[in-house]
Amino acid sequence: MRDPEKLWADLQEAAHYIQTKIPEKPEVGLILGSALGPLAEQIPHPVRLAYQDVPHMLVSTAPGHAGEFVFGRLADKPVVVMSGRFHYYEGYDFEDLAQPVRLLKLLGVKTLILTNAAGCVRTDWQANDIMLISDHIKLMGASPLRGANLPQLGVRFPDSSTIYTPQLRTLALETAAELGQSETTHEGVYFFMPGPQYETPAEIRAIQLLGGDAVGMSTVTEAITAAQCGLPVLGLSLLTNMAAGLSSTALSEEEVTLSGQASGARMAALLQAILAKL
Ligand code: HPA
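Residues numbered from 1 in each chain as written. Predicted model: local features only at pLDDT ≥ 70, side-chain atom pairs only at ≥ 80, totals over all residues. Heavy atoms only, no water.

A. Representation of the site of the ligand in the model. The full set of residues close to the ligand is Ala-117, Ala-118, Gly-119, Tyr-198, Glu-199, Val-215, Gly-216, Met-217, Thr-240, Asn-241, Leu-251 and Val-256. For the ligand, a nitrogen atom lies 3.2 Å from a polar atom in the backbone of Ala-117. Gly-119 places a main-chain nitrogen or oxygen 3.4 Å from a nitrogen atom of the ligand. Listing elements by their share of the shell around the ligand, those giving two or more residues are β5 (111–120), β8 (214–216) and β9 (233–242). Of the residues forming the shell around the ligand, the biggest block, 3 residues, is contributed by β5. Looking at side-chain class alone, the shell around the ligand contains 7 nonpolar, 4 polar and 1 charged residues. (Near = heavy atom within 4 Å. Polar contact = N/O pair within 3.5 Å; in protein donor to acceptor, adjacent residues only side chain to side chain. Helix = DSSP H or I, 4+ residues; strand = E, 2+ residues; numbered from the N terminus. Nonpolar A, V, L, I, M, F, W, Y, C, P; charged D, E, K, R; others polar.)

Here is the structure:
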């Protein structure tokens, strides 16, 4: 079992290291999925810190994930963008995946925005639509909060009834309407699957029955950790493809990447407009 005192000391060392390198405290943390990486390019005069230079930080291995913190301003808000996230399928334990969000909390972040690429499970929605995450289902594997509890960061048994902050969802829906994106923006439930293989058609039918609207391999560990340490969360999924069995084509990383590139700009515009209102 991990030693809580060492976990806490390591987190503090990482946060102190970062604090000596950045010009101002970030207010909003963004963890960007494969589709949204380019948003970090829109930060003028960014300060970049490679994960590998931060003491005790996990190292990112997923394709399309740069593996760096980018500090600066987006829509004039002080932000930290994690360009490159950590996934269970890379080989981390669920317990490891609490670390990045805890670090953002120690850096002073007040709101967390999580984005991802996901498969569309709803047959009345379309690939390239955006889903605001209203809730999630994670039936598989351990919690990121398993093991040593850090009482400095939260309680042992956190409430999970509003992990995705209702006020932020309302704000995001209003903003999508202002941008003329209402028809392609939905609210729904993100169903976590561990990957890295995409789901089988039978698994997607099961997810439909269980109440999932989108399916993906990330985000939930970060959202659970944020809820424990009292960070409001906004989650956005770019539905890069119809889930397995719902379209005639096989799923591929290329389809996910291409669709992400095609619609990423729309989601980036939505995010910028939301940030301006925070
Ligand atoms: N399933 C799981 N994860 C995904 C998908 C999918 O269909 N598309 C993008 N990420």
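B. Representation of the pairing of strand β7 (residues 185–192) within the structure. Counting buried positions over the 8 residues of β7 gives 7, a clear majority of the element. Relative to β7, strand β6 (residues 130–137) runs parallel, the two sharing 7 bridges. Looking at the pairing, His-136 lines up with Tyr-190 of β7. Note: β7 against β8, 3 bridges, orientation parallel. Bridge pairing in β8 places Phe-192 opposite Gly-216. Since β7 and β8 lie parallel, the crossover through helix α4 (residues 201–210) that links them has a hand, and here it is right-handed. (Buried < 20%, exposed > 50% of the residue type's maximum accessible area, 1.4 Å probe, protein only. Pairing = 2+ DSSP bridges. Right-handed = clockwise from strand over helix to strand, strands pointing away.)

It is worth stressing that arrangement in space is one thing and function is another; only the former is reported here.
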